[in-house]
Amino acid sequence: MAQEAVPCNIRAPVPLQLGDEKSELSCSGVNVIDVTFPAPQTVNVQEISFKNYYTAFLTVRIQQRRKSESRKNKTTIWQTCVRNLRLMPNPHMEEGSQDYVSLCRQQMLCDADNVTTIRFILRQPSPVWLTFTLEELRINPPGRQSPQKQFSWWLSHLPPREKLQNLHKGLPNPERVSSEVQRMWVLTEVMRSSQSTATVGRFDVDGCYDINLLSYT
């Protein structure tokens, strides 16, 4: 991590599994990356930046520490600050697959103060890419910015949080679309694995045909 970024622990991507995790057909197309900060430290997040690696959609959830109204001790809550952000215009194509992305505080759906954990939920519905993750992940506090890099222009000019909340209206449910694509892929794999290699037999036996198998028109 560079000096500008907040010291943190980044876990390797953990894939979510469907059914038997030993089966290749159980892949859900979802990976989870958790970022934690040394206890009891909390962080006010100003910016999240990373380099994409074939992740199509991204959801970011944060765990915040807050004082309880009924108790003197502090409690933690989970909130979604980025929901189903499209990182690749087309999950099956290369465009956007390795772009640099910067998410500023003003573009998040909630205030990112007193954060103890950041959870990145990565989705890739396309079976074309076997591996997808986020690289060069950085969490910057207020007053710090990422080094200038060639950020994707359409991600660097995202609207404020008020408009982001309405982006999903009128669009197909991404979870349902992802589920349908994964189901089609699984059925395709099952059909391909069950195909027989035996050739279709002919009606002739030793060069002659059985009269019972012939039809006249």
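Now for a quick tour of the structure. Treat the numbers as computed from the prediction; the structure is a model and nothing was measured. (Residues numbered from 1 in each chain as written. Predicted model: local features only at pLDDT ≥ 70, side-chain atom pairs only at ≥ 80, totals over all residues. Heavy atoms only, no water.)

What follows is about the overall build of the protein. Looking only at helices and strands, the protein has three helices and 11 strands in total. Each helix and strand of the protein, ordered N terminal to C terminal, gives the series β-β-β-β-β-β-β-β-β-α-α-α-β-β. For the protein, buried positions account for 35% of its 217 residues. Of all intrachain contacts in the protein linking residues separated by at least 6 positions in sequence, the fraction that spans at least 24 positions is 77%. If you sum the accessible surface of the protein, you get close to 14300 Å²; carbon and sulfur atoms cover 53% of it. (Helix = DSSP H or I, 4+ residues; strand = E, 2+ residues; numbered from the N terminus. Buried < 20%, exposed > 50% of the residue type's maximum accessible area, 1.4 Å probe, protein only. Contact = heavy atoms within 4.5 Å. Areas by Shrake-Rupley, 256 points an atom, 1.4 Å probe, with all protein chains shown as cover.)

The tendency in soluble globular proteins is for nonpolar side chains to be buried side by side. Among the nonpolar cores identified, the biggest contains 34 residues, and Phe-37, Val-45, Ile-48, Phe-50, Leu-58, Ile-118 and Phe-120 are the most heavily contacted of them. Broken down by secondary-structure element, the contributors of at least two residues to this core are strand 3 (27–36), strand 4 (47–53), strand 5 (57–67), strand 6 (74–86), strand 7 (100–104), strand 8 (115–123) and strand 9 (133–140). In this structure Phe-50 touches Leu-58, Leu-87, Asp-99, Tyr-100, Val-101, Leu-103, Leu-134, Glu-135, Glu-136 and Leu-137, once residues within four positions along its chain are discounted. (Core = buried A, V, L, I, M, F, W, Y, C linked by side-chain atoms within 4.5 Å.)

Counted by the stated rule, this structure contains two aromatic pairs. An angle of 85 degrees between the planes, with centres 4.9 Å apart, marks the rings of Tyr-53 and Tyr-54 as edge-to-face. According to the relative accessible area criterion, Tyr-54 is buried, its value standing at 9%. For the pair Tyr-54 and Trp-129, a centre-to-centre distance of 4.6 Å together with 35 degrees between the ring planes defines the contact as tilted. (Phe/Tyr/Trp six-rings, centres within 6.5 Å; stacked < 30°, edge-to-face > 60°.)

All right, on to unusual backbone geometry then. One non-glycine residue with positive phi stands out, namely Tyr-54, at about 60 degrees. The phi torsion at Asn-114 lies on the positive side, around 55 degrees, for a residue other than glycine. The topology assignment puts Asn-114 in the loop between strand 7 and strand 8. When its relative accessible area of 35% is taken as the criterion, Asn-114 is described as partly exposed.

Next up on the list: the pairing of strand 4. With six of seven residues buried, strand 4 is to be regarded as a mostly interior element. Bridge count between strand 4 and strand 7: five bridges; the pairing is antiparallel. Bridge pairing in strand 7 links Lys-51 to Tyr-100. As paired strands, strand 4 and strand 9 are joined by six bridges and run antiparallel to one another. When the bridges of strand 9 are listed, Glu-47 appears paired with Asn-140. (Pairing = 2+ DSSP bridges.)

An order of 7-4-9 is seen for the three strands of this open sheet, with the pairing classed as antiparallel. Looking at the sheet topology across the chains shown, the edges are occupied by strand 7 and strand 9. Along the sheet, successive strands turn relative to each other by an average axial angle of 20 degrees, direction set aside. (Axes fitted to C-alpha atoms, helices over the stretch in contact; angles between N-to-C directions.)

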